[in-house]
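Fold and contact review
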Amino acid sequence: MSYASLNFLILVIVLMCFYYVCPKKYRWIILLLGNIYFFMSLSGKLIIYSLIATIITYALTILLESSKKNKKKILILNIFLVLAFLLVLKYDNFFLSLLNPIINLVGLKIPYKKFILPIGISYYTLEMIAYSVDVYRKKVKAETNFLKLFTFFTYFPKLIEGPISKYSEMKEKMFSSNCFDYEKFKNAWVLIGYGFIKKMIIADRLGIFVDKIFEQNIIGLPLILAVIFYTIQIYCDFSGCIDIVSGVSELFGINLPVNFKRPFFSTSIQEFWTRWHITLGAWLKEYIFYPISLSKLNMKLNMKVRKIKFKHLARFITIAFPLLFVWLVNGLWHGASIKYVTYGLYYYLLMMLGVLFKPILDFIVKKLKINTEVWSYKLFKILRTILIVCIGMLLFRSDSLTQFTLLFKGLFSFTMPKKITEFGLVYKDFRLVFFYILIIFGVELAGELKVNVREKLNEQNLIFRWLVYIFIIFSILIFGVYGYGFDAKSFIYGGF
Amino acid sequence: MKTGIKNLLKFLTFVFIVCFITLKLGDVFVLKRDATVVINAFHDLPKNSIDVLIVGNSSIMRAVSPMELWKSDGITSYNYSIAGGRIHAFYYWIQDALKTQKPKLVIMDPVTFFYEQDVTEEARRFFVDYIEDFDIKFKMMNDPIYGETSFDKASILFPFIRYHDRWKEIEFEDLENIGKTYDCFYRGFLFSSKVQPNYKGNEYMKKSRDNVKMMDTYKEYLYKTIDLCKKNDIKVLILGVQDIRVWGPEESRQLNEIARETGVDFLDLNSIDYGLNWLQDTKDGGAHLNVLGGLKVTSYLSNYIRNNYDIPSRKGEKGYEFWDKDYLTYEKEKETALKVVNSRIKKLGLDSED
């Protein structure tokens, strides 16, 4: 059951009816039942993994809270046990591929085994770690109701693609009595519709073109287009999914954390990662960057580098060390392969180079008397960021580093195809996608100008509002990529 | 409370508008085929004006001409057939027909009864798209043959979602199909003026194919269809029309047994000499009949109905005047088709071997 399916919408409507009919005190139980049904319809018996991980987290956080001496040990044990599921189920073959060549030298070999991953394991594992750390840091009290904790970790709208949420931020909305609000109900459906437009009209349509180019290793202009299209595809796919699930969650009166903030308006890579997959970035910052920055090892390193004459270099080294882990984890989280590790390191390297050469760049800007406040300079920085992201996406989409190398060279080839319509899309598709991208751009631009489109829409007359709703609904129904003749595409980030 | 009711009413009105547009878009997006005119025109016929209903597929739609039955006996009949039609579709088509008509006799085409595989989803859609009645649509939705997935179920109610990707082909003129009234002067009979002889004649009826067995599902629907007719006091005639690809003595024998068991009539034209000329009367080497073959079948059937059933002549009755008018149009088309087919026979040198 995909989020972009009729079955999912039916489930949501049925659950919503039960939710608001149920006495307020017990409404979260409807969510729990919905979670179990949704999880089991996708992963069946594999729900046992999340159940065991929740039991571990539940028991150890209560123990941690009451313990006086062994808090840190209990926390480490909790993290280790919860992480063990993820490491074994998702990363076993990756680690074995690194280990086997070494132990082969003494004639040993551990056989590879492919496990079926329970749905959402990459997301709920991070949430469990965040929860136990927060209990350790006394940011949240350990939950004494096991079922409530299980409801949070397996909350069906955020199960497959996040956003990665914090228990402390969600528990009030999730377990307090939410009343039905017609305005919120309407707004939620507008957001869901907007998400469906992104996913079904833009992402899935561009995916047809992109798949053909990457499957056939086409180079030249079609490849350049495919890389741009893939960047748009993955954004519309992921942010579209987040819009859908956020809207669904709003139907139950629960707001999910913001995961995208118009990333293609970023003027630097650093800014991009504060606008793209925000909850992952925040998680990495809070649970990887800070602990490493504040670790004894890093403190010692800081003390040593302070002696370096060049202050800028000293500062560079102090952030380079913890950031290395952040980007390694970021890459690895996306997938168990060298390709994803390289993907993480690609951004790490660019950011570090940016930090390292900042004084030189500032000097050049100053000497050349470049006005950095004008819109054209900002546009240049936006385009530069988009270019860097596109190259990152080429790596992300490639099947392997070998394919990436091949295709990267292919970007500079001037091979012209006979027809651009040879790759699954006709001119009408291109025109359609362009039209809807313009709409998305308009909405995003409004957001950038601090205009809340949904609120503005609510202020309009009924007829105009209904025309907009009808436009959204029939855009999806007519132009959406679904039904016979199309392979139902799952959300890209669901695979992580 | 007042605001709540107002909001609910607004919401329901909006849902109604969306459903209405979705339904109407079906008229624009559903593929246009022969059946579009044939079945839609059937729904536009005056109520209770059809006495003989013919259901089947590409064989019978080329074999039985309702207008010839009108001319010879004043019988009002309609060929409610769609290419590839299967017995499970007949079951629903008859129910669809019964919503507006009260036929006294149903003639069924058994050519596909012994097929070893069911039709593809794409072909199966043909059987659903023209059903208008919601009650029948709901029944089809709940039938696993038609409503396999939730998408199938939804697309039975709203065919537009099945064909939405045709937006690239839609022209402004397609909008004219919304609420259009159809007229089918030929009453579902398909004129074919092609000629391709079958030199082996009826050899196919001399040797049985191996492992001839009606699929359990098909058998179940055959019994259900017969039951449906009986409950509505309708006589059933299973009319086996020539098709050398799929018919044989074993099919004929098994169907005869079922007919005897259920008390319905079975007329197997494959085993009867009624003057069919295998060199001139088929359009594709024996799989389907052309207009000449169709007229011969209809002529034989006309006598058969006259001798075995009590079907009234509606000639001269009030409200049936349009049949005479339509016959004139039909006759012109028939003449043209006959001219073409005869010239082709001459060209192919098949007239001398008659």
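Residues numbered from 1 in each chain as written. Chains lettered and ligands numbered in written order. Predicted model: local features only at pLDDT ≥ 70, side-chain atom pairs only at ≥ 80, totals over all residues.

1. Here's the deal with the domain arrangement of chain A
How big an interface is tends to be expressed through the accessible area that disappears when the partners come together. Residues and elements named next belong to chain A. Heads up, the condition is: Domain delimitation in this document rests on an assignment produced automatically or drawn from a domain database. It is the C-beta atoms, placed from the backbone, that decide contacts: two residues are in contact if theirs lie within 7 Å. The way it works is that DSSP assigns letters per residue, a run of H or I at least four long becomes a helix, a run of E at least two long becomes a strand, and they are numbered from the N terminus.
Structurally, chain A comprises domain 1 (6-180), domain 2 (184-256 + 413-495) and domain 3 (263-370). Counting from both sides, the interface comprises 13 residues of domain 1 and, opposite them, seven residues of domain 3. Those elements that place two or more of their residues in the side of domain 1 that touches domain 3 are helix H4 (71-103) and helix H5 (121-136). Among the elements that take part in the side of domain 1 that touches domain 3, H5 stands out by supplying five residues, more than any other.

2. Comments concerning the interface of chain A and chain B
Stated precisely, the cut-off is as follows: Following the grouping adopted for this structure description, the nonpolar residues are Ala, Val, Leu, Ile, Met, Phe, Trp, Tyr, Cys and Pro, the charged ones are Asp, Glu, Lys and Arg, and the polar ones are all others, Gly among them.
If you look at the interface, chain A gives 16 residues, while chain B gives 15 residues. Sorting the residues of the side of chain A that touches chain B by element identifies helix H1 (6-21) and helix H21 (462-479) of chain A as the ones contributing at least two each. Considering every element that reaches the side of chain A that touches chain B, the biggest residue donor is H21 of chain A, with seven residues. Among the residues making up the side of chain A that touches chain B, the classes are represented as twelve nonpolar, three polar and one charged.

3. Remarks on H1 of chain A
To keep things clear, this is the line we draw: The span expected for a helix works out to 1.5 Å for each residue beyond the first.
A rise of 1.5 Å per residue sets the reference length of H1 of chain A, with its 16 residues, at 22 Å; its end C-alpha atoms lie 23 Å apart and thus fit the reference within 8%. The inward-facing, buried residues of H1 of chain A contact helix H2 (27-43) and helix H10 (221-251) of chain A.

4. Notes on the sheet that holds strand E5 (residues 265-268) of chain B
Residues and elements named next belong to chain B. Short version of the rule: A pair of strands counts as paired when DSSP detects no fewer than two bridges linking them. Lines fitted to C-alpha atoms define the axes, with helix axes restricted to the stretch in contact, and inter-axis angles between N-to-C directions lie between 0 and 180 degrees.
What the five strands build is an open sheet, ordered E2-E1-E3-E4-E5; its pairing is parallel. Sheet topology places strand E2 (77-81) and E5 at the edges, where each strand pairs with a single neighbour. Pairwise comparison of adjacent strand axes, ignoring direction, gives a mean angle of 20 degrees for this sheet. As judged from the five bridges shared by strand E1 (residues 52-56) and E2, these two strands associate in the parallel manner. Paired with Gly 56 across the bridge in E2 is Ser 81.

5. Details of the nonpolar core
Our working definition: Core membership is restricted to buried Ala, Val, Leu, Ile, Met, Phe, Trp, Tyr and Cys residues, and these are joined into a nonpolar core through C-beta atoms within 7 Å. Think of it as a crowd count around each C-beta: if 20 or more other C-beta atoms lie within 10 Å the residue is buried, if 12 or fewer it is exposed, and in between it is partly exposed, with C-beta placed from the backbone throughout.
Ranked by internal contacts, the top residues of the largest apolar core, which has 116 residues, are Leu 159, Met 200, Leu 206 and Ala 226 of chain A. Considering every element that reaches this core, the biggest residue donor is H10 of chain A, with 16 residues. Ranked by size, the runner-up nonpolar core spans 67 residues in total, among them Ile 238, Val 241, Leu 289 and Ile 311 of chain B.

6. Quick look at the pairing of E5 of chain B
For strand E4 (residues 235-240) of chain B and E5 of chain B, the ladder comprises four bridges, and the chain directions are parallel. Paired with Gly 240 of chain B across the strands is Asp 268 of chain B, a residue of E5 of chain B.

7. Some remarks on the confidence of the model for chain B
Test applied: The quantity called pLDDT is the predictor's confidence in a given residue, expressed from 0 to 100.
Within chain B, residue pLDDT values average 89, and 99% of them lie at 70 or more. Scored as a whole, the predicted complex attains pTM 0.81, and scored at its interfaces, ipTM 0.75.

8. Regarding unusual backbone geometry
In the Ramachandran plot, Asn 217 of chain A falls in the positive-phi region, its phi being about 50 degrees despite a non-glycine side chain. For Asn 217 of chain A, a count of 13 C-beta atoms within 10 Å puts it in the partly exposed group. Phi at Asn 48 of chain B takes a positive value of approximately 50 degrees, unusual for a residue other than glycine. Within the fold, Asn 48 of chain B resides in the loop between helix H2 (34-43) and E1.

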